[in-house]
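Below are the chains, spelled out letter by letter.
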Amino acid sequence: MAQLLYGKIGGLTNFQGAYSGVVDPPLTGLLARYRADLGVTEGAGGVTDWADQSGNGYTLSQATEANRPALVTGVINGQSVIRFTLANADHLERATTPAENQPYAWAIVAAHPTASGVAQWAVSAEGGFRSVGYDSSDRPMMFAGSTLADDVALNANFHTIIGNFNSATSEIFVDGASVVTGDANTGNIAGLVIGAGSPAGADPFGGDLAEVFLYDHALDAGEIAAMDTYVAARYGI
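Every residue gets a number counted from 1 within its own chain, in the order that chain's sequence is written. Reporting in this predicted model follows two pLDDT cut-offs: at least 70 for local features of residues, and 80 or more for side-chain atom pairs to be given and counted; totals over whole chains, interfaces and linings ignore these cut-offs and use all residues. The basis for every side-chain value is the complete set of non-hydrogen atoms in the structure, without hydrogens or water.

Q: Can you help me understand the packing of aromatic side chains in this one?
A: Each aromatic ring pair is specified by the distance between its two centres and by the angle formed by the two planes. Aromatic pairs are defined between Phe, Tyr and Trp rings, using the six-membered ring for Trp, whenever the two ring centres lie within 6.5 Å; interplanar angles under 30 degrees are classed as stacked, those over 60 as edge-to-face, and all others as tilted. Following the criterion strictly, the structure yields 8 aromatic pairs and no others. Aromatic side chains Y230 and Y235 sit 6.5 Å apart centroid to centroid with 90° between the ring planes, which places their arrangement in the edge-to-face category. When accessible area is computed with a 1.4 Å probe and restricted to protein chains, residues below 20% of their type maximum are described as buried, those above 50% as exposed, and intermediate ones as partly exposed. Given the relative accessible area of 2%, Y235 is considered buried. Three or more aromatic residues joined by ring pairs form one cluster here, namely F213, Y215, Y230 and Y235.

This is the structure in structure tokens:
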């Protein structure tokens with residue numbers, strides 16, 4: 001029988017949810033977490049706020065009606081997504097968070113339907129450091145002052161993309177597998193943007209986000225495997 005589990009791990013609130021057989025993702029060092037079925041507030045035009053589930057209170061918001069993404073239910077394995085429209089430059093942001101220097105890591109559960117011929121950033125830092133997204137050929141990429149991108153385009157299905165930002169040993173993982181390693185430079189985080197490359201909506205993302213994580217360290221092999229297990233159980237990918 002599915003149970004609702006609630007507890008504290010490492011000072012962070014853990015909402016397991018009523019899903020039998022779903023294990024936790026990595027929780028140590030979790031700075032922010034956004035899940036499309038939790039903490040979403042809708043208003044005119046779409047999503048106005050997306051609450052942080054890490055316990056740190058970094059709620060994302062969008063005051064401009066025309067730039068609000070949509071909550072869409074039952075998209076992936078019965079779960080919800082936040083859908084960002086490229087043409088509208090939909091995005092959500094939080095202007096301030098404590099500054100986070102490298103190493104850190106982003107993880108997103110995302111689908112990017114089409115290669116539009118332009119770079120699209122799913123998650124970024126408020127100061128304009130585009131963090132994890134897709135290049136003009138639909139290949140996963142990361143940026144922190146210089147660009148690191150895979151050679152192989154993704155299909156339109158959902159994937160888990162992890163960007164470990166650790167200067168010269170930065171690395172991109174897709175569905176638990178390393179796809180490229182290199183130097184993503186030394187850009188840091190202060191403030192968050194989800195769905196674009198800047199608070200002004202530059203280089204917007206067109207696609208779906210089911211879940212977003214930000215960590216205060218680069219994820220190790222065990223944590224990446226745990227993320228892969230969690231995503232497989234919850235989202236069926």
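Following the structure, the description resumes.
Q: Just to check I follow, could you spell out helix 1 (residues 221–235) for this structure?
A: Every α-helix winds through 3.6 residues per turn, so residues three or four apart in the chain are directed the same way. The end-to-end C-alpha distance of helix 1 is 21 Å, a good match for the 21 Å that 15 residues give at a rise of 1.5 Å each. Where helices and strands are cited, they refer to DSSP runs of H or I of at least four residues and of E of at least two residues respectively, numbered from the N terminus. Here helix 1 has its buried residues at E223, I224, M227, Y230, V231, R234 and Y235. Buried positions in helix 1, seen along its axis, are confined to an arc of 120° and lie on one side of it. Where helix 1 begins, the capping side chain belongs to D220, and its oxygen is found 3.1 Å from the backbone nitrogen of G222. The first or second residue beyond helix 1 is G236, which carries a positive phi of 70°. An expected span of 1.5 Å times one less than the residue number is assigned to each helix. The arc in question is traced by the directions running from the helix axis to the C-beta atoms. Under this definition, polar contacts are N or O atom pairs within 3.5 Å; protein pairs additionally need one hydrogen-donor-capable and one acceptor-capable atom, and for neighbouring residues in sequence, both atoms have to be side-chain atoms.

Q: Just to check I follow, could you spell out the side chain of R234 for this structure?
A: With respect to the helices and strands, R234 occurs in helix 1. By relative accessible area, R234 is classed as buried at 3%. Of note is the side chain of R234, whose polar atom sits 2.7 Å from the side chain of D37.

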